[in-house]
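Reading the structure
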Amino acid sequence: MNILVINAGSSSLKFLMYNMVNEEVLASGRVERIGMDSAILSYEPAGRTEIREVAEILEHTTAIRKVLDILVHKEHGVLASSSDIDAVGHRVVHGGESFSSSVIVNEEVKREIKRLFDLAPLHNPAHMLGINAVELNMPDVPQVVVFDTAFHQTMPAKSYLYPIPLVLYRKHQVRRYGFHGTSHDYVSERAARFLGKPLVELKMVTCHIGNGASCAAILNGQSVDTSMGMTPLEGLMMGTRSGDIDPAIVPYVMGKEELTMNEVNSMLNKHSGLMAISGLSSDMREIQQSMAAGDGSAVLAFDMYEYRLRKYIGSYAAAMNGLDVLVFTAGVGENSSILRESVCRNLTFLGLELDEEANSQRAHGDRVISTVGSRVTVLVIPTNEELVIARDTYRLILARQKA
Ligand code: AMP
């Protein structure tokens, strides 16, 4: 079965073409600057060089058409015909309380995703454009939606409710939803399999540390808490996002600086985090380079980033009354040995002992970086959110065919 995975944004669209017989990636690429006469299609068939094409792509329907054309291109294509695509899987950021797992798209599902536009105004409308564009280009191909929030729907009320008037939850669904669910789900399962232990017997904290960052407390295989909240702003300090701050800062700063709601929102999402404290960059690689060159602001930014992450790990160990496995994933988590070392150095009270040599090795793939005697096993597990989308799509379509 061939499955096309799509992550549609408002002006860009990423795609991966999978052959699910062996979970092989046949091709990948992206369309950028949708809406402009100089949009860019980048396309890489597996094992061959990348191709870039500049074209007028004014909306998502044309973008999908271009993707289908290149996938079946005589010279560069990986499929004989677009009818070789058996299903399409979409990433959808917000599933609210309506979706606790992936589902096949139908009119009701589309209505529900639309109803959730308010909760994810930057993301869900763009995903909807992607779904409609596929429908227009391939009306007979089934589509599946996989939600970033679904994995965290197992959280108990004490984790997902905020201590504010309950009427706001009942009327406006103000609660913690959590994000990066496909990643937390994937790495937790992989960690258990790697260790040869049943996931249901483990107390695990998974740290997805990339441009966006969140951690999750996973008890008996279920997410029981996570650091991102109603939106992906809460929790850890990130590249450009503040993470947790005193909510009273918002009206105070709005008053003092005469900022509008949009301006303060933009400050917290786009001009905070590593970027704001270092004054240099939101990219951890550049922060580390500046630290090595003795830049005090970079050191402070790194220290705050690491400290806030460590506090979350400690609080989740308390939430679960223990910790068996700590997983690092995503761009920073997989690549920054310095960050992992700094975090783990101060978690010895949990019986955690880092193997410094294993941690500093530039290895790829799943690996253990704690000592044999460590009470907490520390793992680096590269995430693969697209594969989760492809697998869920495959599973649901197969089940429907059998039904
Ligand atoms: P992601 O959102 O998962 O793609 O992660 C992107 C982030 O990973 C970048 O902004 C970098 O800060 C970080 N990153 C990537 N490679 C490295 C590295 N070798 N060392 C430290 N940070 C890295």
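Above this note sits the structure.
All values reported here derive from a predicted model rather than from experimental measurement. (Residues numbered from 1 in each chain as written. Predicted model: local features only at pLDDT ≥ 70, side-chain atom pairs only at ≥ 80, totals over all residues. Heavy atoms only, no water.)

1. Describing the packing of aromatic side chains
Summed over the entire model, instances satisfying the criterion amount to four aromatic pairs. Ring geometry for Phe-99 and Phe-147: centres 4.3 Å apart, planes at 10°, overall stacked. In this pair, Phe-99 sits in the loop between β6 (87-92) and β7 (103-104) while Phe-147 sits in strand β8 (residues 143-147), placing the two residues 48 residues apart along the sequence. Residue Phe-99 is classed as buried on the basis of its relative accessible area of 7%. (Phe/Tyr/Trp six-rings, centres within 6.5 Å; stacked < 30°, edge-to-face > 60°. Helix = DSSP H or I, 4+ residues; strand = E, 2+ residues; numbered from the N terminus. Buried < 20%, exposed > 50% of the residue type's maximum accessible area, 1.4 Å probe, protein only.)

2. Regarding a nonpolar patch on the surface
A surface patch of nonpolar side chains, amounting to about 220 Å² of accessible area, comprises Ile-164, Val-167 and Leu-168. When you line up the elements, Ile-164 lands in the loop between α4 (157-160) and α5 (166-172). Residue class for Ile-164 comes out partly exposed when judged on its relative accessible area of 40%. (Patch = residues over 30% accessible without salt bridge, like charges linked within 9 Å, V, L, I, M, F, W, Y side chains within 5 Å. Areas by Shrake-Rupley, 256 points an atom, 1.4 Å probe, with all protein chains shown as cover. Salt bridge = Lys/Arg side-chain N within 4 Å of Asp/Glu carboxyl O.)

3. Focus on the packing of helix α11 (residues 296-320) against helix α13 (residues 337-345)
The interhelical angle for the contact between α11 and α13, taken along N-to-C directions, is 50°, at an axis separation of 9 Å. Taken together, the axes of α11 and α13 lie oblique to each other. The handedness of the crossing between α11 and α13 comes out as right-handed. Side by side, α11 and α13 meet where Phe-302, Tyr-305, Glu-306, Leu-309, Arg-310 and Ile-313 of the first sit next to Ile-338, Leu-339, Ser-342 and Val-343 of the second. Here the contact of α11 with α13 is composed, by residue class, of seven nonpolar, one polar and two charged. (Axes fitted to C-alpha atoms, helices over the stretch in contact; angles between N-to-C directions. Parallel < 35°, antiparallel > 145°, perpendicular 65-115°, else oblique. Left-handed = near helix turned anticlockwise from the far one by under 90°. Contact = heavy atoms within 4.5 Å. Nonpolar A, V, L, I, M, F, W, Y, C, P; charged D, E, K, R; others polar.)

4. Some words on the site of the ligand
In the neighbourhood of the ligand, the contacting residues comprise Gly-210, Asn-211, Asp-283, Met-284, Arg-285, Ala-330, Gly-331, Val-332, Asn-335 and Ser-336. A distance of 2.8 Å is found between an oxygen atom of the ligand and a side-chain nitrogen or oxygen belonging to Asn-211. Contact with the protein chains removes 73% of the 510 Å² of surface that the ligand exposes when unbound. Those elements that provide at least two residues to the shell around the ligand are α10 (284-292) and α12 (330-335). Among the elements that take part in the shell around the ligand, α12 stands out by supplying four residues, more than any other. A breakdown of the residues in the shell around the ligand according to their chemical character gives three nonpolar, five polar and two charged. (Near = heavy atom within 4 Å. Polar contact = N/O pair within 3.5 Å; in protein donor to acceptor, adjacent residues only side chain to side chain.)

5. Thoughts on the pattern of salt bridges
Scanning the model with the defined rule gives 17 salt bridges in all. Note that Arg-65 and Asp-69 form a salt bridge whose closest N and O atoms lie 3.4 Å from each other. Highlighted residues: Arg-65 and Asp-69, both in helix α1 (residues 60-71), separated by four residues, approximately one helical turn. Given a relative accessible area of 34%, Arg-65 falls into the partly exposed group. Judged by its relative accessible area of 38%, Asp-69 falls in the partly exposed class. A salt bridge links Glu-135 to Lys-110; the nearest nitrogen and oxygen atoms lie 3.0 Å apart. Residue Glu-135 is found in helix α3 (residues 124-137), and its partner Lys-110 is found in helix α2 (residues 107-115); the two are separated by 25 residues along the sequence.

6. Topic: unusual backbone geometry
For Arg-33, which is not glycine, the phi dihedral falls at a positive 60°. Mapped onto the secondary structure, Arg-33 falls in the loop between β3 (24-32) and β4 (36-45). Not every positive phi belongs to a glycine, and Ala-330 is a case in point at roughly 75°. By the secondary structure assignment, Ala-330 is in helix α12. Overall, Ala-330 belongs to the buried group, its relative accessible area being 7%.

7. A word on the sheet that holds strand β13 (residues 367-368)
One open sheet accounts for six strands, arranged β11-β10-β9-β12-β14-β13; its pairing is mixed. Looking at the sheet topology across the chains shown, the edges are occupied by β11 (222-226) and β13. Here helix α6 (residues 181-195) sits on the sheet in contact with β9 (203-209), β10 (213-219), β11, β12 (325-329), β13 and β14 (377-380), set at roughly 130° to β9. Contacting β9, β12, β13 and β14, α13 crosses the sheet at an angle of about 155° to β12. (Pairing = 2+ DSSP bridges.)

8. So, the sheet that holds β8
Overall, mixed pairing links the eight strands, which are arranged β5-β4-β3-β2-β1-β6-β8-β7 in an open sheet. Two strands close off the open sheet at either side, each with one partner strand: β5 (51-57) and β7. As judged from the six bridges shared by β3 and β4, these two strands associate in the antiparallel manner. If you follow Ala-27 over to β4, its bridge partner there is Pro-45. The strands touched by α3 are β1 (2-8), β6 and β8; relative to β6, the strand with the most contacts, the crossing angle is about 170°.

9. Things to note about empty space enclosed by the protein
What the rule picks out here adds up to one cavity of 30 Å³ or more. In this structure, the largest cavity is lined by Leu-161, Tyr-162, Ile-164, Pro-165, Leu-166, Leu-168, Tyr-169 and Val-174. Considering only residue class, the lining of the largest cavity consists of eight nonpolar, no polar and no charged. (1 Å grid on protein atoms, 1.4 Å probe; cavity = no way out; pocket = protein on both sides within 12 Å on 5 of 7 lines; lining within 4 Å. Points joined across faces, edges and corners; volume = space filled by probe spheres on them.)

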